[in-house]
Amino acid sequence: MSQRGGFLKSTRRKERSGYWFVLPYVMFFLLFVAYPLVFSFVLIFHRWNIITPMEWIGLKNLSHLLSDPQFFRAMRNTFVFLFIHIPLEIVVALGFALLLNSKISFRGVFRALYFLPVVVSGVVVTILWQNLYSYDNGVLNTLFTRIGFPRIPWLIDSVFAMPSIAIMATWKNVGIYIVLFLVGLQNIPRDLYEAADLDGATGTKQFFHVTLPMLNPTIVLIVALSTIGGFSLFIEPYVLTGGGPMQSTMSGMLYIYNQAFYFGHMGYAATLGFVFAVIMLLVVVLQRKTIEAEAT
Amino acid sequence: MRFLPFESSRTFPLLLCVVTSFVFLDCKRQRASGDSETGKVVHLTYWPAPNPQEILLADSVVTMWNRMHPDIQVRMQPIPVSQSTEEVLLAAIAGKTTPDVCSNIWPGAMREYTQAEGLVGLDTFSDFDSIAGLRVPRDLLATFKAVNGHYYQMPWKTNPVMMFYNRGMLKAAGVETVPRTYSEYFAAAKKVTRDINNDGQVDVWMGERDIRPIWWQRLFDVYPFYIAASNGKTLFMGDDVAFENRDAENVFSFFQECYARGYFPRTFFQGGDPFLMGKKATDFAGPNRISVITRLAPELHYGVAPLPVPDDHRGPVYTSGDYKNIAIFSTTLHPKEAWEFVKFLVEAEHDLLLLQIANQIPVRGDLLTNRLFAAYFSQNPSMVKFAEQTVYTRGMDTVPDLKEIFDAISQDYEACAVYGRKSPAEAVRDAAARSRSIIEWNQ
Amino acid sequence: MIKSMMKMFFLFAGAVVFAYPFLWMIAGSLKPELEITNLWLWTSNASFHNFRQVLTKIPIGRAFVNSMFVSLSTTMSVVVFGSMVGYALARLNFHGKKILYTLILFTMMIPFQITMIPQYILMVKLGITDSYLSLIIPTMMSAFSIIVFRQFFLSLPQALIDAARIDGCSEVRILFKLIYPLSRSTIITVALLTFMATWNDVLWPLMVIRERSLMTMPQLVTIFVIGGEAEAQLGPQLAATTLLVARASSHPGVRVFPKILHRQHGFKRHKRITE
């Protein structure tokens, strides 16, 4: 009896402390998640530059967006970035992960070296690559002219600029994806390879029939993470190109930042943010569906 | 692995307290500096531009003021460094953290400031008219009037954009006279731009501009060149786009030629200012450039001339001024005292300091006639050129969203001039159309 | 034999690709201006001139303290509140638990693009732009950390917690005294991820901080490099970025983090969640 009473007391206590435990987060959620979401939604229908009163303009922001060539340009640029960045990253990361996933010396040293750019802030990477990419006296072009190659207009040609930024982003992030692939590789049960050996499947065949399908969840994760990263591309074009040449590196985030903080169009910037977010979620869902469909 | 400081539940709240008190203390400190009304001493905050010369100038003027006015103490605080002053000021207006006085007000952003009622009308002070009228010629003063007919800014200084040229480079290339027109400029450029060390790559150029499409870069190329080509017209007539014309096309095609013929490099320069390093022969800039040259490249032998103009140009050569003015923010608790300080800033002796320390031109009509300045100008002959140019200098239009319009012009300028993807006529037409739609959209 | 030689060759080439730019940068920061663009790392004219210039021009020491303070406060707060909510979701019963969990999962899917501007406006309205608060408060708690902690706490044996309860321990005591020592790896994972993200963020500080003495280190360096203060000289720019990296590579993350990601089950768990 007394035991039962104690139990009840303890459940009640548990319940009460449950509320106390989550209370700070609920407050945080209301202030920094719910309120901004609602506010952002309200902003879509307003014109506002922060300092003068808000003005209701109905769906004008949305209709302006549909006729705004810069919005479509930013959209296109994001897709160009993803189209180069994702495959490149998967190939490079998987390659290094396979190399590292065997008995070799200095494994930890290599892993740490590849990981270095991940930990370093994006600003550093961007400033560094600005100097690597410089047309006249950059490290890369100096190297190229040494070995008899022509100079490449990395950041000063509208065709090359976005791919250059995508290469840089790959260099920066590949470390984390190498580790993710390593985790994935080590989760593949040994006996699958043994069974494949019995069936007489060789290295390449094993890779395509055992390794790759088993890595599918990792690939889904990596594609989703880098898509989200691609949609948030900001500091790289902000420092390197200012969105040029010919708007070829104007990313969605940079365009939103310009609209909001240079031109003071908070309502329109919020609209852009919403639309970009919706498109991003659609893309992620779509990618996942495709990759999973291909795997089965 | 003891690396998280809150292993026990007791230390954590303690730490949290320390952290929060640190945070709040910081806030309080900031606020206290704004308006401590203890005693009879009035405190004012003054924001000058954040470049070293103007900080030095502000420092000496403020020190003088504080010595003379023990009851009105001014604290000098350079504008927080950011991409541009306007962002900072708008954020400050929004956050109500503006200073009492700021001397880096860009007339192009006035419309936004006054709309937000962020500034004190200076003509509410009875002696504004006499002070401003004495200093600034009437017709020039009128260009700083707000759309509602009031004055919110005290015209202070200007940096007329002119052409700096490297005498040694022009001479070495066999250019005898300083180019005055587009064709003379091209003719000189043809001789100047070449490969000096014979490695197959051009290494000196006639000129160079940052090729990134950054809106304010246009204040040093397209805008002054357009004013020069159009004999002193600005981009707008009232609130209407007025640059869709032959003059603008001339300017765009001038820069297109410069890039197409390779007189301007299509690249970023890493490491060093190309004019100071003798890599480009001409540079378009205001007199504040002089202090940079004397500090970083004292041996550079330069000259100053008006901007190049179309071949059929007649009359004086106009340019744009990059005016920076003084304003009092409406957050001030002591408008009267602030106004006294503004008057102090624009006294003739301090204008002389502005010339001496910062190499910038005070906006006043008597520059070349007032005896006070005579010694300075006789010692600095290139500053005379700028002083003479101020008569033919235009400011900014007072339309809203000027930055966005300059951004639009930048985009079309980039496509046309730097990359040659549009004809000048197309680029001007597109830029005008974009500007109109920006204005219409913001209506 | 040849195969493993090939492997080593590729790995070594990779190491060069990842490390050379950093070495070049460090070398460049010590070289005189004209030698920087040289590919070779060695110079006989090495000096700390560039560093001296950076240190006199920008308050980078202060910025380091700012960054440290902001990142540490955020990290601590994320760990403490994340574990509290995670514990409540995993081990306590209360009304609305399911709804809260769903909301938290939903929060993880909201991109920054949407909330960025309203959050900035909120900072303006609260009057805390240009203060540490504006850097810390919006990132004080994270849905991601809650989920990671919840997953980990679910894997702990219930008997352990019951025993403590019967002993009359309060839930707070159970969490901080009993469970914390068992969750070192999860705490470290969350702490490192949070610290890294906060330290490296530039966009948000650019928006809310204008006062130079409050700027974070990456923000200050960005402004130093793209604003005019470096006067287009490369040496000081590289010196400033080197100072920024010097901190990062001494970061336990470089050594510990890949290992943890690799080995600890904590990560595998949250990986499953994000899928």
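Scoring rules and cut-offs
Residues numbered from 1 in each chain as written. Chains lettered and ligands numbered in written order. Predicted model: local features only at pLDDT ≥ 70, side-chain atom pairs only at ≥ 80, totals over all residues. Heavy atoms only, no water. Helix = DSSP H or I, 4+ residues; strand = E, 2+ residues; numbered from the N terminus. Buried < 20%, exposed > 50% of the residue type's maximum accessible area, 1.4 Å probe, protein only. Contact = heavy atoms within 4.5 Å. Areas by Shrake-Rupley, 256 points an atom, 1.4 Å probe, with all protein chains shown as cover. Polar contact = N/O pair within 3.5 Å; in protein donor to acceptor, adjacent residues only side chain to side chain. Domains from an automatic or database assignment. Buried area = accessible area lost by both parts, 1.4 Å probe. Salt bridge = Lys/Arg side-chain N within 4 Å of Asp/Glu carboxyl O. Axes fitted to C-alpha atoms, helices over the stretch in contact; angles between N-to-C directions. Left-handed = near helix turned anticlockwise from the far one by under 90°. Nonpolar A, V, L, I, M, F, W, Y, C, P; charged D, E, K, R; others polar. Patch = residues over 30% accessible without salt bridge, like charges linked within 9 Å, V, L, I, M, F, W, Y side chains within 5 Å. Parallel < 35°, antiparallel > 145°, perpendicular 65-115°, else oblique.

When you go through chain C residue by residue, the secondary structure sums to 15 helices and 0 strands. Considering chain C as a whole, with its 275 residues, one finds that 58% of them fall into the buried category. Taking as baseline every contact in chain C between residues at least 6 positions apart, the subset at least 24 positions apart corresponds to 73%. Here chain C displays about 10,800 Å² of accessible surface, and carbon together with sulfur accounts for 68% of that area.

Below, the discussion takes up the overall build of chain B. The helix and strand tally for chain B stands at 17 helices and 13 strands. In chain B, which comprises 443 residues, the proportion classed as buried is 59%. Long-range contacts, defined as pairs at least 24 residues apart, comprise 73% of the intrachain contacts of chain B with a sequence gap of at least 6. Counting only carbon and sulfur atoms, one obtains 54% of the accessible surface of chain B, whose full area is about 18,600 Å².

What follows is about the environment of B:Asn370. Residue and element names in this part refer to chain B. As for its position among the elements, Asn370 is in the loop between β12 (361-362) and α14 (371-379). Asn370 sits in the partly exposed class, given a relative accessible area of 22%. Among the polar contacts listed, one links the side chain of Asn370 to the backbone nitrogen of Leu372, at a separation of 2.9 Å.

So, on to the domain arrangement of chain B. Residue and element names in this part refer to chain B. When its domains are assigned, chain B resolves into domain 1 (36-152 + 324-362) and domain 2 (162-321 + 398-441). On the side of domain 2, 14 residues touch domain 1, which itself brings 12 residues to the contact. Approximately 1,200 Å² of surface area, both sides summed, lies buried where domain 1 meets domain 2, with 54% of it carried by carbon and sulfur atoms. When residues of domain 1 are sorted by the area they lose upon contact with domain 2, Trp106, Arg111 and Asn359 head the list and together hold 44% of the total.

For the rest of this paragraph, the subject is unusual backbone geometry. Cis geometry is found at the peptide bond from A:Gly244 to A:Pro245, where omega equals -15 degrees. Here A:Pro245 lies in the loop between α11 (235-240) and α12 (252-262). Even without being glycine, B:Asn231 reaches a positive phi, approximately 60 degrees. Secondary-structure assignment places B:Asn231 in the loop between α9 (222-229) and β6 (236-237).

What follows covers the interface of chain A and chain B. Contact residues are listed per partner, giving 35 residues for chain A and 31 residues for chain B. Summing both partners gives a buried area of about 2,900 Å² for chain A against chain B, and 52% of it is carried by carbon and sulfur. For the pair chain A and chain B, the number of links is 0 salt bridges. Connecting chain A to chain B are 7 residue pairs in polar contact (both at pLDDT 80 or more). Mapped by element, the contributors of at least two residues to the side of chain A that touches chain B are α2 (60-66), α5 (122-133), α11 and α12 of chain A.

What follows is about the side chain of A:Ser40. Relative to the assigned elements, A:Ser40 resides in helix α1 (residues 2-43). A:Ser40 sits in the buried class, given a relative accessible area of 0%.

Before going further, it helps to examine the packing of helix α3 (residues 60-91) of chain C against helix α9 (residues 171-179) of chain C. Two quantities define a packed helix pair, namely the angle between the axes and the distance from one axis to the other. Residue and element names in this part refer to chain C. One can describe the packing of α3 onto α9 by two numbers: an axis separation of 11 Å at closest approach and a directional angle of 115 degrees. The way α3 lies across α9 gives a crossing that is right-handed. Here Val80, Ser83, Met84 and Tyr87 of α3 lie close against α9, whose contacting residues are Glu171, Ile174, Leu175, Phe176 and Ile179. Among the residues making up the contact of α3 with α9, the classes are represented as 7 nonpolar, 1 polar and 1 charged.

What follows is about a nonpolar patch on the surface. The grouping of A:Leu281, C:Ile99, C:Leu103, C:Leu105, C:Phe106, C:Met108 and C:Met109 at the surface amounts to a nonpolar patch, some 580 Å² of accessible area in total. When residues of the nonpolar patch are assigned to their parent elements, the largest contribution, 4 residues, is made by helix α4 (residues 97-107) of chain C. Positionally, C:Phe106 belongs in helix α4.

Across the boundary between the two partners, chain A contributes 87 residues, which contact 91 residues of chain C. The junction of chain A with chain C conceals about 8,300 Å² of combined surface from both sides, 79% of it contributed by carbon and sulfur atoms. It is A:Phe21, A:Tyr25 and A:Phe32 in chain A that bury the most area against chain C; as a group they hold 10% of the surface buried on that side. On inspection of chain A and its partner chain C, the count reaches 0 salt bridges. Element by element, the count of residues in the side of chain A that touches chain C is highest for α1(A), at 22 residues. Classifying every residue of the side of chain A that touches chain C gives 66 nonpolar, 14 polar and 7 charged.

A few words now on the packing of helix α8 (residues 158-166) of chain C against α9(C). Residues and elements named next belong to chain C. Viewed as axis vectors pointing N to C, α8 and α9 meet at an angle of 125 degrees, and their least axial separation amounts to 10 Å. Comparing their axes, α9 and α8 come out oblique. Like other packed secondary-structure pairs, α8 and α9 cross with a definite hand, here right-handed. Touching Leu160, Ile161, Ala164 and Arg165 of α8 are Glu171, Ile174, Leu178 and Ile179, all from α9. When its residues are assigned to classes, the contact of α8 with α9 shows 6 nonpolar, no polar and 2 charged.

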